[in-house]
Amino acid sequence: MADQIYVLSLSCDDRPGIVAGVTTELAAMGGNIAESNQFWDRQTNRFFMRIAFAAPAGAAKDDIERALKSPIERFGMKATLVDQGRRPKIVVLVSKFDHALLHILYQIRVGWLNAEVAAIVSNHEDSRRNAELDGVPYHCWPVSKDNKAEQEEKLLALVRETGAELVVLARYMQVFSNALSKRLYGRAINIHHSFLPSFKGAKPYHQAFERGVKLIGATAHYVTPDLDEGPIIDQETERVTHSMSADDFVAVGRDIESRVLARAVKLHLETRVMLNGHKTIVF
């Protein structure tokens, strides 16, 4: 039987002996480290670490958790252990712009992104055909100020029922309530169609075109009550020139948004992202 790969991610106040405490226990149980990353935030004195390791054949997750219990308690660690061989489930939200959704579906299809889309939720019918082609359940839930709370409860129920680990806003043009943002904190990723300067509201790329910007880009971040200001996971920019039209800007923007969102989802599902206040540690 092949060794099972697990990923341990942890954070705690920094002090001597943390790495030794964890790796000694892994070695004692016959674990073999495949990848290790660590970071000490000097400002907060917090230590962050991600270790991918092969557990010996037959070792169950409960056995590993028991083996690691001593250093976790001794150092007051906030730790998570996940089976890297799992196929995590996600729920994708989309409105009318479907480029980011289609890119995620494609990257799953070709195996670059290890995930299962448990459901697609939209406030429009436009992407139903795409969902049907991939055999994904599609829910069209129009949102208005009168039913917003009800629709958000339906979304939370769907996340619970499907066991989804992550909610992905693939150009979903509805703003989460503060309550929903808090309940999904660290489990919902949004793609924001700007880098710097930030153009809010309708037609951001057209605004950028009118201002004659030289760089456009996109930002993937966790959803928080502060609109478009959550902890940043990934960003990308591309240079544009005066010779390009507003439609050219839109095309470049679509491409960047799709790539950045997919990378952020991959990083999160591989447990490479750790929250550090308003920032993220990305291993």
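These remarks concern the structure in this document. (Residues numbered from 1 in each chain as written. Predicted model: local features only at pLDDT ≥ 70, side-chain atom pairs only at ≥ 80, totals over all residues. Heavy atoms only, no water.)

Remarks on the overall build of the protein chain
Counting its secondary structure elements, the protein chain contains eight helices and 13 strands. C-alpha extents for the protein chain along the principal axes are approximately 60 × 40 × 35 Å. Of all 283 residues assigned to the protein chain, the portion counted as buried reaches 48%. Summed over all atoms, the accessible surface of the protein chain reaches about 14100 Å², with 51% contributed by carbon and sulfur. Averaging the positions of the 35 positive and the 35 negative side-chain charges in the protein chain gives two centres separated by 2 Å. (Helix = DSSP H or I, 4+ residues; strand = E, 2+ residues; numbered from the N terminus. Buried < 20%, exposed > 50% of the residue type's maximum accessible area, 1.4 Å probe, protein only. Areas by Shrake-Rupley, 256 points an atom, 1.4 Å probe, with all protein chains shown as cover. Lys, Arg positive; Asp, Glu negative; His and termini not counted. Charge placed at Lys NZ, Arg CZ, Asp CG, Glu CD.)

Describing the sheet that holds strand E9 (residues 188–192)
The seven strands lie next to each other as E7-E6-E5-E8-E9-E10-E11, forming an open sheet whose pairing is mixed. The two strands at the open ends of the sheet, each matched to only one other strand, are strand E7 (138–140) and strand E11 (232–239). Within the sheet, the average angular offset between the axes of one strand and its neighbour, ignoring direction, is 15°. Bridge count between strand E8 (residues 166–169) and E9: three bridges; the pairing is parallel. Residue pairing across strands places Val 168 opposite Ile 189, the latter belonging to E9. With respect to the sheet, helix H8 (residues 246–269) is in contact with strand E5 (89–94), E8, E9, strand E10 (215–222) and E11, its orientation differing from that of E11 by roughly 155°. (Pairing = 2+ DSSP bridges. Axes fitted to C-alpha atoms, helices over the stretch in contact; angles between N-to-C directions. Contact = heavy atoms within 4.5 Å.)

Quick notes on a nonpolar patch on the surface
Judged by side-chain polarity, Tyr 106, Val 110 and Trp 112 come together as a nonpolar surface patch covering roughly 290 Å² of accessible area. Along the chain, Tyr 106 falls in helix H3 (residues 99–109). (Patch = residues over 30% accessible without salt bridge, like charges linked within 9 Å, V, L, I, M, F, W, Y side chains within 5 Å. Salt bridge = Lys/Arg side-chain N within 4 Å of Asp/Glu carboxyl O.)

Notes on the environment of Asn 130
Structurally, Asn 130 can be placed in helix H4 (residues 128–133). For Asn 130 and Asp 98, which are 32 residues apart along the polypeptide, the C-alpha to C-alpha distance reads 9.1 Å. Excluding its chain neighbours within four sequence positions, the residues that come into contact with Asn 130 are Asp 98 and Leu 102.

Observations regarding the pairing of E5
Along E5, five of the six residues are buried, which leaves the element largely enclosed by surrounding structure. Across six bridges, the pairing between E5 and strand E6 (residues 116–122) is parallel. The residue of E6 that forms the bridge with Val 94 is Ser 122. In the sheet, E5 pairs with E8 via four bridges, with the strands oriented parallel. Within the sheet, the bridge partner assigned to Val 91 lies in E8 and is Val 167.

Quick word on the packing of aromatic side chains
On inspection of all chains with the given rule, the structure shows three aromatic pairs. Between Tyr 172 and Phe 176, the aromatic rings sit 6.5 Å apart at their centres with planes inclined by 65°, giving edge-to-face as the arrangement. With a relative accessible area of 11%, Tyr 172 lands in the buried category. The class of Phe 176 is buried, set by a relative accessible area of 10%. Look at Phe 209 and Phe 249: their rings are 5.7 Å apart centre to centre, the planes differ by 90°, and that puts the pair in the edge-to-face class. Of the two residues, Phe 209 sits in helix H7 (residues 204–211) while Phe 249 sits in helix H8, which places them 40 residues apart along the sequence. A cation over an aromatic ring shows up here: Lys 266 above the ring of Trp 112, its NZ or CZ 4.8 Å from the ring centre. (Phe/Tyr/Trp six-rings, centres within 6.5 Å; stacked < 30°, edge-to-face > 60°. Lys NZ or Arg CZ within 6 Å of the ring centre and 35° of its normal.)

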